[in-house]
Amino acid sequence: MGAAPMRYEAPRGMRDFYPEDMSARQAVFGAWRAAAELFGFLPYDACVVESLDLLKRKGGEEIVGQIYAFRDKSDRELALRPEMTPTLARMIAARQNSLALPLKWFAIAQCFRYERMSRGRKREHYQWNLDIVGADAMQAEAEVIACAAEALRQLGLGPQDVAIHLNSRALLAELLAGAGVPPDCHAATFLALDKRGKLDDAAINQLLAEAGLDAAAIAAVWKVMNIRTLAEAGALAGASSPSLAGLRNLLELLDNYGLAEMTQFDIGVIRGLGYYTGVVFEAFDCQRKFRAIFGGGRYDRLLSDLGGAALPAVGLGFGDVVIAELLADRGRLPAGPPEIACAVGYMTDAERLPALRAARNLRQAGLGADLALHPEKPKSFFGRVGRGGYREAVFLGPDDCARGVMRIKDLRLRSEREMPLPG
């Protein structure tokens with residue numbers, strides 16, 4: 001008895017995209033690209049392999065256990081990029097003296113993380129990155145958030161579907177300091193609080209205690225986290241708080257973008273990454289069935305931390321996994337392979353060249369044309385193309401060539417029109 005055939009699958013956490021999967025991906029990518037272009041962002045890209053040392057400088061030694069890291073044949077320490085922000089900082093630092101600021105750049109990049117999978121999280125994903133570098137005005141935050149909201153709009157999602165939650169790390173630091181939490185404990189406190197929803201309160205308390213907070217300070221942290229409105233935050237921070245004024249300014253700007261219904265203050269938005277310095281934000285579906293759709297914030301120190309001159313910056317990451325889940329849940333995810341304008345077939349070898357010329361003529365007119373690769377019976381041809389996502393079909397037989405015409409059938413309307421056969 002022969003050996004069983006070998007079967008291979010994509011590595012765990014990775015995805016294959018068959019033609020029928022690409023319509024959904026292209027719809028998401030198309031909305032991202034169209035929104036970025038509408039808002040004046042320029043495209044960029046970079047190598048998918050990055051220096052491990054660069055990632056360690058940004059994320060610490062512990063990042064090695066969270067990513068795909070390896071040594072190449074020259075014994076260099078490299079990694080598959082887990083995100084684009086360190087790469088962006090490296091690229092800007094390399095040409096910092098020649099770049100005209102502010103920069104508005106975007107990328108659609110495949111990123112890799114070696115972590116435990118859950119709903120909405122794979123070990124690879126595509127991420128739309130929007131970044132504005134070289135602008136310290138709150139208008140930068142507003143532009144990035146409004147651009148992401150435009151992509152949602154192009155995907156058919158509005159304030160009834162998605163809410164964008166806003167906070168400020170600077171404001172939270174003010175509130176914690178005012179509540180008696182020492183500033184040198186703030187970074188660890190942010191990391192602990194960012195795990196809310198993943199860990200229960202007892203586990204969060206344990207992390208806070210490990211960060212050096214006593215029982216009174218932990219109680220003060222929870223008092224701050226119980227703030228529900230910007231007015232409540234203002235009552236604790238004081239009227240002179242610059243971070244409070246910044247958040248109010250941002251909400252006013254977003255109101256002028258027509259986004260008041262979609263945006264809200266949320267003291268619980270913290271973002272675990274240590275490089276954020278000011279406003280942070282995350283978008284969720286209104287029913288909170290899924291993970292965050294996108295997130296980001298201001299990171300004014302990252303470029304200097306990675307070797308460049310200090311520059312203010314705001315960025316956003318918007319992954320393809322959660323938005324696809326949300327669109328599927330709403331019944332708005334395109335299904336089936338991308339549509340092709342026209343299929344061109346022929347009955348015998350005598351009609352091969354006239355069919356080729358017909359396909360070439362359609363292509364020169366800017367229409368997609370899929371030319372058959374061998375002769376077919378009419379029934380076989382129309383049965384095949386009827387299942388293949390074509391809008392129209394042309395089938396040439398001896399009579400068509402004798403008459404010098406091609407009959408173009410609309411496969412959806414079941415109508416037909418004639419055009420002269422190209423010579």
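Structural notes, computed from the coordinates. (Residues numbered from 1 in each chain as written. Predicted model: local features only at pLDDT ≥ 70, side-chain atom pairs only at ≥ 80, totals over all residues. Heavy atoms only, no water.)

1. Observations concerning the overall build of the protein chain
For the protein chain, the helix and strand inventory stands at 15 helices and 16 strands. By the compact-globule yardstick of 22 Å for 423 residues, the protein chain is too spread out, its C-alpha radius of gyration being 27 Å. Oriented by its inertia axes, the alpha-carbon framework of the protein chain measures out at about 90 × 60 × 50 Å. Put simply, the protein chain has 423 residues, and 47% of those count as buried. Long-range contacts, defined as pairs at least 24 residues apart, comprise 68% of the intrachain contacts of the protein chain with a sequence gap of at least 6. Considering the protein chain, the positive charge centre built from 52 side chains and the negative charge centre built from 52 side chains are found 5 Å apart. (Helix = DSSP H or I, 4+ residues; strand = E, 2+ residues; numbered from the N terminus. Rg over C-alpha atoms; globule rule 2.2 N^0.38 Å. Buried < 20%, exposed > 50% of the residue type's maximum accessible area, 1.4 Å probe, protein only. Contact = heavy atoms within 4.5 Å. Lys, Arg positive; Asp, Glu negative; His and termini not counted. Charge placed at Lys NZ, Arg CZ, Asp CG, Glu CD.)

2. Focus on the sheet that holds strand β14 (residues 390-396)
Pairing within the open sheet is mixed, and its 5 strands lie in the order β13-β12-β14-β15-β16. Both outer strands of the open sheet, β13 (369-371) and β16 (415-420), are each paired with one neighbouring strand and no more. Across this sheet, the average inter-strand angle for adjacent strands is 25°, counted without regard to direction. Bridge count for strand β12 (residues 340-346) against β14 is 6 bridges, and the pairing is parallel. For V344, the partnering residue across the bridge sits in β14 and is V394. (Pairing = 2+ DSSP bridges. Axes fitted to C-alpha atoms, helices over the stretch in contact; angles between N-to-C directions.)

3. Here we look at the side chain of T85
Secondary-structure assignment places T85 in helix α3 (residues 85-94). Aside from chain neighbours lying at most four places away, what touches T85 is N129, Y275, Y299 and L302.

4. Some details on the pattern of salt bridges
Scanning the model with the defined rule gives 27 salt bridges in all. Two residues, R417 and E392, come together in a salt bridge whose shortest N-O distance is 2.7 Å. Of this pair, R417 sits in strand β16 while E392 sits in strand β14; the two residues are 25 residues apart in sequence, bridging distant segments of the chain. According to the relative accessible area criterion, R417 is partly exposed, its value standing at 39%. Of the residues examined, E392 reaches a relative accessible area of 16% and is grouped as buried. Here the residues in one salt-bridge network are D161, K289, D329, R330 and R332, joined through shared partners. (Salt bridge = Lys/Arg side-chain N within 4 Å of Asp/Glu carboxyl O.)

5. Quick word on the state of the cysteines
Enumeration over the complete set of coordinates arrives at 0 disulfides. Lacking any disulfide linkage, C342 is separated from the closest cysteine sulfur, that of C401, by 15 Å. Assessed through its relative accessible area of 3%, C342 is described here as buried. (Disulfide = S-S within 2.5 Å.)

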